[in-house]
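# Per-entry structural report
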Amino acid sequence: MKATRQAAPELAGGDTPLSSLRGVGAAMAEKLAARGLSTAQDLWLHLPLRYEDRTRLTAIADLRLGEPAQVEGVVEAVERGFRYRPVLRVAVGDGSRATLVLRFFHFRGAQAAQFRPGARLRCFGVPRPGQHGLEIVHPSYQFLGEGETPVLGDSLDPVYPAVEGVGAATLRRLIGQALDLLPDAAALELLPPSLPGLAGLPGLRDALLVLHRPAPGEDLAALAAGAHPAQRRLALEELLAHHLSLRRQRLAQQRLRARALDGPGTLARRLLDSLPFALTGAQARVFGQVRADLARPSPMQRLVQGDVGAGKTVVAALAMTLAVERGCQAALAAPTELLAEQHLASLRAWLEPLDIRVAWLAGKVTGKARAAALAEVASGAAQVVVGTHALMQEGVAFHDLALVIVDEQHRFGVQQRLALRDKGPAHGLVPHQLVMTATPIPRTLAMTAYADLDVSAIDELPPGRTPVRTVALGAERRPELVERIRAACAQGRQAYWVCTLIEEAEEDAKPGQGAKLQAQAAERTFEQLSQQLPGVRVGLVHGRMKAAQKQAAMRAFKDGAIDLLVATTVIEVGVDVPNASLMIVENAERLGLAQLHQLRGRVGRGAAASSCVLLYQPPLSALARQRLDVLRRTGDGFVIAEKDLQLRGPGELLGTRQTGLAAFRIADLARDAGLLPQVHALADRLLAQAPDVAERVVARWIGGAARYAAA
Ligand code: ADP
Ligand code: MG
């Protein structure tokens, strides 16, 4: 296979800086770079989100729900309104005895003024059910002059992920220029088709060209589902690159030295004796694995998966005592301040009676308190340190850090994980690493996503938990629910009401606005429920509130000063309020099963029987119904994760956010799970026979972004 490699530059022309493209000045280059686009190759890999077929026109009467189409017509009526927020509705007719409504939530005054009755336009979008017939939210559109009939396109129009400050047309033009720089197939290809697993897939060059410039006849459904051979080819190479880099990382890690934390375990024993409960069999087993790892002079790299409430924290605390016993420090980082604070409370309660000093470092710890904490950490007076990502920042120096624990690691990137590891002692030693997650990942995925880690599972819940009763209800039954909340609160129980985004199209139209819209939805629900439930104390938490406000609301809920907490999904991880026994999730059909499972895990933590109500917007697709059924039937996070993977189908892809795995450019671990056996086989083959090619694959896809090479 080396025969195909020539002395070509590493990236075969792909490293051409974008500033050398026509029309790219310093300002433009900067905007592109802000989005991670700095070379021709970055643009080759900036793939279309979807394609618009403007090769034909569809009569309004022939439009079909959910099928993107281009329509030409005349504005019949315009209505500007305000319902919670501004909205512009434009009725368009084309003589086909049906009317289409265009609906806008984000628009400027001048833009709205262009829509005048009688104006002719062409628009493109996805029809969905509206109040009166079909409507398109945020269509793309173009006004037509008197007698003007622009020719129809002769290829599918790619729609690229937006780059802030760079217009869509400019971006398309630049990508076109970059594609002109593509070298010939042999120079570009790293994986000859003779390798296992590549049969039937196009070469890299062809795959890129098909995806950027699909011919009119191309299989749009396959493209939309991510199942097109060209997409699979790229996903395969990308997954391969990640897998290889993690394997390399692991090998490098195994060569590193760490402090052997091999004491007698006296502190751990004392901690166990002081607990009001005995460890479950699963906790004891996993702690045993951790302890064996820690006793070795090479750094532990272990992932502990454990369902919500499985009791990971106490295992972390036990591990920390082993570091303390050897006179070293241990750090625990959590992704949110709320979660970190909860850990702080548990660890102080467990460890301070053993004379272990626990320091606290979070973003909100400032001034004198911060200086004091930093000093304690630097001198070693604090043996255990708990905090948020603030722990990973520069300026935080440890006396002798031997163990790093990261909770809910999917919220952190691999890079952040490594940053904390770098805070270990000098003289060539690195800390042991323990990563904890409540998002169970099916084994095949774990092998790829965590190829650098050993995996343990706490697959048993502590005794005495009552399973949460789960029901799915159509949104029209909301009034009953309001009654149910009233009743629960009257009995001294507490409830959560979780709001999620309603308008997917809005998210599409304005990427990055999700948090804001979600916050607005929560505020509306908060107002409504406050009105409908006069005797109930209602609180609000969302991601756009200041940290202090969020904390205050959460604290009030925890202290029982609030009965009903209206929240966005910010509450999803780790929040522990045992008196809460009712969880309501709106638009549940929109969320990933793993995320719903996390949310549900917020209840069922106390003695009272708890329930979880999944509200959905009818009609529910068969697939969505099946997915919600999985949650109704099982409370086992591992089963849910497997089902989630099986059931994710075309059109219901949830992206990497919900799976909590690394962000890929093209691959989607859930969608492309079927490729993983090929990926693993290819990786074995390359590592054995052509390590230089393996290096190049990693360099191409991960390149400077990763520091694996330095590890
Ligand atoms: P998670 O795995 O979700 O992080 P936690 O560590 O927060 O779970 O544990 C959830 C609750 O269960 C805590 O209140 C903890 O003290 C308690 N707990 C942990 N282990 C046991 C056990 N073996 N028996 C009873 N309760 C336990
Ligand atoms: Mg936890």
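Residues numbered from 1 in each chain as written. Chains lettered and ligands numbered in written order. Predicted model: local features only at pLDDT ≥ 70, side-chain atom pairs only at ≥ 80, totals over all residues. Heavy atoms only, no water.

What counts is decided by this rule: UniProt positions are given in the numbering used here, feature names are shortened, and annotations may be inferred rather than shown by experiment.
The name an unreviewed UniProt entry assigns to the protein chain is ATP-dependent DNA helicase RecG, from the organism Pseudoxanthomonas broegbernensis. Listed in UniProt under the heading Sequence similarities (unreviewed entry), the comment for the protein chain reads: "Belongs to the helicase family. RecG subfamily."

## Points about the nonpolar core
Counted only if it meets this: The term nonpolar core refers to a set of buried residues drawn from Ala, Val, Leu, Ile, Met, Phe, Trp, Tyr and Cys, joined through side-chain atoms within 4.5 Å. For each residue, the accessible area found with a 1.4 Å probe, counting protein chains only, is set against the maximum for its type, and the residue is called buried under 20%, exposed over 50%, and partly exposed in between. By the criteria applied, helices consist of DSSP H or I runs no shorter than four residues and strands consist of E runs no shorter than two, each listed in order from the N terminus. The contact criterion used is simple: two residues touch if any of their non-hydrogen atoms lie within 4.5 Å.
With 59 residues, the main nonpolar core has Leu32, Leu208, Leu234, Leu240, Leu686 and Val697 as its most contacted residues. For this core, the secondary-structure elements that each account for two or more residues are helix H1 (26-34), helix H2 (40-44), helix H4 (168-180), helix H6 (204-212), helix H8 (229-255), helix H24 (676-689) and helix H25 (691-701). The biggest single contributor to this core is H8, with 8 residues. Residue contacts for Leu208: discarding those within four places in its chain leaves Trp44, Leu45, Leu47, Leu182, Leu188 and Leu234. Ranked by size, the runner-up nonpolar core spans 47 residues in total, among them Leu261, Met300, Leu347 and Val358.

## Here's the deal with the site of ligand 1
The line we're drawing: For this purpose, a residue is taken to be near a molecule or strand whenever a single non-hydrogen atom of the residue falls within 4 Å of it. Pairs of N or O atoms are called polar contacts if they sit within 3.5 Å, as long as, within protein, a hydrogen donor faces a hydrogen acceptor (for residues adjacent in sequence, only side-chain-to-side-chain pairs). Using a 1.4 Å probe, accessible areas were evaluated by the Shrake-Rupley method; residue-level cover was limited to the displayed protein chains. Gly falls in the polar group here, along with every residue not listed as nonpolar (Ala, Val, Leu, Ile, Met, Phe, Trp, Tyr, Cys, Pro) or charged (Asp, Glu, Lys, Arg).
Surveying the vicinity of ligand 1 reveals 14 residues, the closest of which are Gln283, Gly309, Lys312, Thr313 and Arg465. Between Ala278 and ligand 1, the recorded distance is 2.9 Å, taken from a backbone N or O atom to a nitrogen atom. For ligand 1, an oxygen atom lies 2.6 Å from a polar atom in the side chain of Thr313. If ligand 1 stood free it would expose 570 Å²; the protein chains cover 76% of that surface. Class assignment for the residues of the shell around ligand 1 results in 6 nonpolar, 5 polar and 3 charged.

## A look at the sheet that holds strand S14 (residues 401-407)
Keep this limit in mind: Two strands qualify as a pair provided that DSSP identifies no fewer than 2 bridges between them. Under this scheme, a helix contributes an axis fitted over its contacting stretch, all axes are lines through C-alpha atoms, and angles between N-to-C directions fall in the 0 to 180 degree range.
Here 7 strands make up an open sheet; going across it, the order is S12-S13-S11-S14-S15-S10-S16 and the pairing parallel. The open sheet is flanked by strand S12 (358-361) and strand S16 (454-458), the only strands paired with a single partner. Strand-to-strand twist of the sheet, defined as the mean angle between neighbouring strand axes without regard to direction, takes the value 20°. Sheet analysis places S12 next to strand S13 (residues 384-387), joined by 4 bridges and oriented parallel. Bridge pairing in S13 places Ala359 opposite Val385. In this fold helix H12 (residues 337-351) packs onto strand S11 (329-333), S12, S13 and S14, with an angle of close to 170° to the strand it touches most, S12. Taken strand by strand, helix H13 (residues 367-379) contacts S11, S12 and S13, and its axis lies near 130° from that of S12.

## Regarding the environment of Arg89
Take Arg89: it is sitting in strand S3 (residues 85-93). For Arg89, a relative accessible area of 17% gives the class buried. Counting along the chain gives 11 residues from Arg89 to Val78, while the straight-line C-alpha distance between them is 5.8 Å.

## Remarks on H24
Stated formally: Multiplying 1.5 Å by the residue count of a helix minus one yields the expected span of that helix. Think of it as the arc spanned by the lines of direction from the helix axis to the C-beta atoms.
Here H24 spans 20 Å end to end across 14 residues, near enough to the 20 Å set by a 1.5 Å rise per residue. For H24, the full list of buried residues reads Leu676, Val679, His680, Leu682, Ala683 and Leu686. The arc that holds every buried residue of H24, seen down its axis, measures 165°, which confines them to one face. With respect to the buried face of H24, the exposed residues turned more than 90 degrees away are Pro677 and Ala688.

## Some words on the packing of H8 against H25
Selection criterion: Geometric relationships in this document are graded by angle, where less than 35 degrees denotes roughly parallel, more than 145 denotes roughly antiparallel, 65 to 115 denotes roughly perpendicular, and other angles denote oblique.
The contact between H8 and H25 brings their axes to 8 Å, and the two run at 110°. Viewed along their axes, H8 and H25 adopt a mutual orientation that is roughly perpendicular. Within the contact between the two elements, H8 uses Leu234, Glu237, Glu238, Leu240, Ala241, Leu244, Ser245 and Arg248 and H25 uses Ala694, Glu695, Val697, Val698, Arg700 and Trp701. Its residues assigned to classes, the contact of H8 with H25 comprises 8 nonpolar, 1 polar and 5 charged.

## Digging into unusual backbone geometry
With glycine set apart, most residues show a phi of negative sign, and most peptide bonds adopt trans. That bond from Pro618 to Pro619 is cis: its omega, -5°, falls within 30 degrees of zero. Within the secondary structure, Pro619 sits in the loop between strand S22 (611-616) and helix H21 (622-633). Even without glycine at this site, Asp355 takes up a positive phi of about 65°.

## Quick look at the sheet that holds strand S21 (residues 580-585)
In spatial order, the strands read S17-S22-S21-S18-S20-S19; together these 6 strands make up an open sheet with parallel pairing. Unpaired on one side and paired on the other, strand S17 (469-474) and strand S19 (538-541) mark the two borders of the sheet. Going across the sheet, the axis of each strand differs from the next one's by a mean of 20°, ignoring polarity. Pairing geometry for S21 and S22, over 4 bridges, is parallel. Residue Val585 lies in a different strand from S22, and its bridge partner there is Leu614. Where helix H19 (residues 547-558) meets the sheet, it contacts strand S18 (494-498), S19, strand S20 (564-567) and S21, and its direction lies at approximately 140° from that of S19. Along the sheet face, H21 touches S17 and S22 and points at about 155° away from the line of S17.

## Quick look at the packing of aromatic side chains
Defined as follows: Two rings from Phe, Tyr or Trp (for Trp, the six-membered ring) form a pair when their centres sit within 6.5 Å of each other. Planes less than 30 degrees apart are called stacked, planes more than 60 degrees apart edge-to-face, and all others tilted.
Within this structure, the stated rule accounts for 6 aromatic pairs. In this structure an aromatic cluster arises from ring pairing among Phe104, Phe115, Tyr141 and Phe143.

## As for the pairing of S21
Let me state the cut-off plainly: A crossover counts as right-handed when, viewed with the strands pointing away from the observer, the path leading from the first strand over the helix to the second turns clockwise.
Summarising burial for S21: 6 of the 6 residues are buried, a large majority. Where S18 and S21 come together, 5 bridges link them in parallel fashion. Paired with Ala495 across the strands is Leu582, a residue of S21. Read as a crossover between parallel neighbours, the route from S21 over helix H20 (residues 593-600) to S22 is right-handed.

## Section: the pattern of salt bridges
Using the following cut-off: We define a salt bridge as a contact between a side-chain nitrogen of Lys or Arg and a carboxyl oxygen of Asp or Glu at a distance within 4 Å.
Within the structure shown, the criterion is met by 31 salt bridges. As a salt-bridge pair, Glu72 and Arg122 come within 2.8 Å of each other at their nearest N and O atoms. Remark: Arg122 occurs in strand S5 (residues 120-125) and Glu72 occurs in strand S2 (residues 69-83); sequence separation between them is 50 residues. In this structure, Glu72 and Arg122 share a single accessibility class: buried. Arg357 is paired through a salt bridge with Glu376; the nearest N and O atoms lie 2.5 Å apart. Residue Arg357 is found in the loop between H12 and S12, and its partner Glu376 is found in helix H13; the two are separated by 19 residues along the sequence. Salt bridges here are not isolated pairs; linked through shared partners, they connect Arg50, Glu52, Arg54 and Asp157.

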